[in-house]
Amino acid sequence: MMILKFKVSILVVFSFFSVFSQQTKTDSLYHIINTTKNDSTKVAVYNQIVWKYLFSDKKKAKELIDTSEAIALAANEKFGYNSLLGIKGIYYDVNGKSDSAKYFFEKSLEYSRKNKFLVHEGHTLNNLGMYNWNQGNFEKALNYYFESIKLNQKIPEKQRGNIDANYNNIGLIYQEMHLYDKAINYHLKALKLRKQTKYIAAQIASHNNLGICYKELSQMKKAKESFEESIALAKQINPGNEYYTAIEGLASVEYKSGNYQKARDLYLQSLNRPKEVPINSKTKVNLYSSLAKVYIKLKQPGETIRYGELCLNELQLSSENKDYEVEVYKPLAEAYYTIGDIEKGSYYNSKFYEKTTQKFKEESAEFFQELEVKYETEKKEKDLAQEKVKVAERELRIKNKNNLLLISGFIILSILLLSWMFLSQQRFKNKQLQKEKELSEALLKIETNNRLQEQRLAISRDLHDNIGAQLTFIISSIDSLKMFLTNGEEKVIQKLSNISQFTKETITELRDTIWAMNKDEISVEDFKTRISNFIEQAKVSLYGISFEFTCNLPKETSFNSKDGMNIYRIIQESVNNAVKHAKATKIEVIVNKVNQQIEVIIKDNGNGFDVSDNSSGNGLNSIKKRALESNCKIKFESGSTGTIVSLLY
């Protein structure tokens, strides 16, 4: 992360050597050193050559820095030496020696101010901003960037640094602080300057940053426009990483907006980029994790599992990016539960809970540690302020009234500042507590759903294994008894046959109940299959009766388990009534969608019944009761030509 941020800083310092800004070969630069007698030129060229080795050959870079420094000090070449101090700061920062880097950056700033080198001062302020940003000191970093902007505005345009880069860095710092409104303000300032200079690559980066900020503020329209503008600009030049970053950003906007198919297509486009545009491990992990979440929304558990496992495999190759584990465990758990693999679903659910809890504890520990540091700092500042007040009180005896007013004003300002800091900390603490509450509620909801699913599975297994087995045993026992009875006991045999048939029907109804219990909702395909199976069985067992079944429901139609089961039972009961009581020879079952409602019609050509007769049998009462439970409208039409049962859901 440090090296990436220093790209901006390097460009700033590199501009010191505008006379050598073309890509001159190293041999040509050494030729200049060997032929020139001007020490300032030698120092400038040595400083230029350092950049070739600064990130690739630490030893060579240090030798060149020492040589340039010796010449600059011997010749009292102040401008080149000032430039070298900034280079030394970057050298030590790149090699992980932050204390030394800070020392040389501050020395460069002091030296440039002493000698009134405004150009060097501006670049050094920018380097100090970058250094403090890397160290996490956001407030100091912002102060240095603002100072750099003010100073650069005083410098002639041809000599000043890149103010747009300063605006961009300020915006990025506010992004890290989650102050997205402020971040947008500075990204827009950077974009305006970059449009004036027609620097397309920098404009692409600005649009991507704006897209991220707008998305975090849930301003989806603006976020989408920013990423689309970035994509359009990237197509004007050679599409590279910034282009696919914009594609990925647009995908995240579509996902957050609920457009899951568009999000999937964009994520796949970013993943399947050309070989000439490399994709790093962190980007792969993010894309795999995002695709897993998209496919669970699209109800494609197989694809969710595929990309979830790819994400976990990629994470095993590196110790970085472990935060994405939490992101991928949840969709994996949902996917395995969906396909009925309770064991794996429970495993990934527990991993999600474990990692979420661990992350929460780490963030809480970090938060309280920061609070503790701030408290100690404030305490020291307060003690120091109190000591200053005591000194001021002694001095007030000999100072005039104007000094008294000045010191009093300073004390009031300090109190206001401390009050503001306290209120800011309190607001931050309240936000953290709210996040903790939301996380706890989410975890509780997942745990409750898991327990409910486990209980439903346990009940259905008990029904199938215990009651189902007992009913089967009853049928077998009745069939065995019938074998021992003689012809004189025909009535008993008939009675036993009726009991056996009733028991078989009970087993069928039990299986239907278990089928409904194991589903949160019943799809139209499940519904059609269940009715088709029932009618096919009726065709096989009942000769001389013609059955027709038509279902014209859209594919996305679904029922909750209770309503789906009630409608299925109403159809089943109506068909049974037509067979047993109406002596029908033709039965039709028609299911259509009419005006956003589902219409079910069961027709038969039987002898009908008296609809006005309130003493209707148990079958009709059962139909009415089930219709009432599911808020369905039920209507019976019956006469000598047959019966029509109409249901609206």
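The rules behind these values
Residues numbered from 1 in each chain as written. Predicted model: local features only at pLDDT ≥ 70, side-chain atom pairs only at ≥ 80, totals over all residues. Heavy atoms only, no water. Salt bridge = Lys/Arg side-chain N within 4 Å of Asp/Glu carboxyl O. Helix = DSSP H or I, 4+ residues; strand = E, 2+ residues; numbered from the N terminus. Buried < 20%, exposed > 50% of the residue type's maximum accessible area, 1.4 Å probe, protein only. Expected span 1.5 Å × (residues − 1). Arc of directions from axis to C-beta. Pairing = 2+ DSSP bridges. Axes fitted to C-alpha atoms, helices over the stretch in contact; angles between N-to-C directions. Contact = heavy atoms within 4.5 Å. Patch = residues over 30% accessible without salt bridge, like charges linked within 9 Å, V, L, I, M, F, W, Y side chains within 5 Å. Areas by Shrake-Rupley, 256 points an atom, 1.4 Å probe, with all protein chains shown as cover. Parallel < 35°, antiparallel > 145°, perpendicular 65-115°, else oblique. Left-handed = near helix turned anticlockwise from the far one by under 90°. Nonpolar A, V, L, I, M, F, W, Y, C, P; charged D, E, K, R; others polar. pLDDT = per-residue confidence, 0-100.

A. How the structure looks around the pattern of salt bridges. Scanning the entire structure with this criterion turns up 9 salt bridges. The partner of Lys88 in a salt bridge is Glu69, and the shortest N-O contact between them spans 3.3 Å. Note that Lys88 is positioned in helix 5 (residues 78–94) and Glu69 in helix 4 (residues 58–74), a separation of 19 residues in sequence. For the pair Lys88 and Glu69, a shared accessibility class is recorded, and that class is buried. The salt bridge involving Arg306 is made with Glu303; its shortest N-O contact spans 3.3 Å. Taken together, the positions of Arg306 and Glu303, both in helix 16 (residues 301–316) and 3 residues apart, correspond to about one turn of that helix. Residue Arg306 is classed as partly exposed on the basis of its relative accessible area, which comes to 44%.

B. Region of the structure containing helix 12 (residues 220–236). Taking 1.5 Å of rise per residue, the 17 residues of helix 12 would be expected to cover 24 Å, and the 25 Å separating its terminal C-alpha atoms lies within 8% of that figure. Those residues of helix 12 that sit buried are Met220, Ala223, Ser226, Phe227, Ser230, Ile231, Leu233 and Ala234. For helix 12, the angular spread of buried residues about the axis comes to 165°, placing them on one side. In helix 12, the exposed positions that point more than 90 degrees away from the buried face belong to Lys221, Lys235 and Gln236.

C. Quick look at the sheet that holds strand 6 (residues 633–639). Spatially, the 5 strands line up as an open sheet ordered 2-4-5-7-6, and their pairing is mixed. Each edge of the open sheet carries a strand with a single partner, namely strand 2 (546–551) and strand 6. The sheet shows a mean angle of 10° between the axes of neighbouring strands, direction not considered. Here 8 bridges tie strand 4 (residues 586–594) to strand 5 (residues 597–604), and the two strands are oriented antiparallel to one another. Looking across to strand 5, one finds that Asn592 is bridged to Glu599. Contacting strand 2, strand 4, strand 5, strand 6 and strand 7 (642–648), helix 22 (residues 561–580) runs over the sheet at an angle of about 15° to strand 5.

D. Summary view of a nonpolar patch on the surface. The grouping of Phe410, Ile411 and Ile415 at the surface amounts to a nonpolar patch, some 270 Å² of accessible area in total. Looking at Ile415, the relative accessible area reads 49%, which means it is partly exposed.

E. Spotlight on the environment of Ile170. Locating Ile170 in the fold gives a position in helix 9 (residues 163–176). Ile170 gets classed as buried once you look at its relative accessible area, which sits at 0%. Beyond its immediate stretch of four places on either side in the chain, Ile170 contacts Leu142, Tyr145, Phe146, Ile149 and Tyr186.

F. Looking closely at the packing of helix 2 (residues 26–35) against helix 3 (residues 39–53). As a packed pair, helix 2 and helix 3 sit with axes 9 Å apart at the nearest point and diverge in direction by 155°. Compared by their axis directions, helix 2 and helix 3 come out roughly antiparallel. When you trace helix 2 past helix 3, the crossing you get is left-handed. The segment helix 2 lies against helix 3, with Thr26, Leu29, Tyr30, Ile32 and Ile33 engaging Thr41, Lys42, Val45, Tyr46, Gln48, Ile49, Lys52 and Tyr53. Its residues placed into classes, the contact of helix 2 with helix 3 shows 8 nonpolar, 3 polar and 2 charged.

G. Layout of the confidence of the model for the protein. For the protein, mean pLDDT is 79; residues scoring 70 or higher make up 76% of the total. Every residue in residues 1–24 is under pLDDT 50, and counting partners more than four places away or in other chains gives 50 contacts.

H. Representation of helix 10 (residues 180–197). The terminal C-alpha atoms of helix 10 lie 26 Å apart, and with 18 residues this matches the ideal 26 Å at 1.5 Å per residue to within 8%. Residues of helix 10 that are buried in the fold lie against helix 8 (138–152), helix 9 and helix 11 (200–216).

I. Structural view of the packing of helix 11 against helix 12. Put simply, helix 11 and helix 12 touch, their axes get as near as 8 Å, and they point 160° apart. If you check the angle between helix 11 and helix 12, you find them roughly antiparallel. Two packed elements cross with a definite hand, and for helix 11 against helix 12 that hand is left-handed. For the pair helix 11 and helix 12, the contacting residues are Ile200, Gln203, Ile204, His207, Asn208, Leu210, Gly211, Ile212, Tyr214 and Lys215 in the first and Met220, Lys222, Ala223, Ser226, Phe227, Glu229, Ser230, Leu233, Ala234 and Gln236 in the second. The residue inventory of the contact of helix 11 with helix 12, partitioned by class, reads 10 nonpolar, 7 polar and 3 charged.

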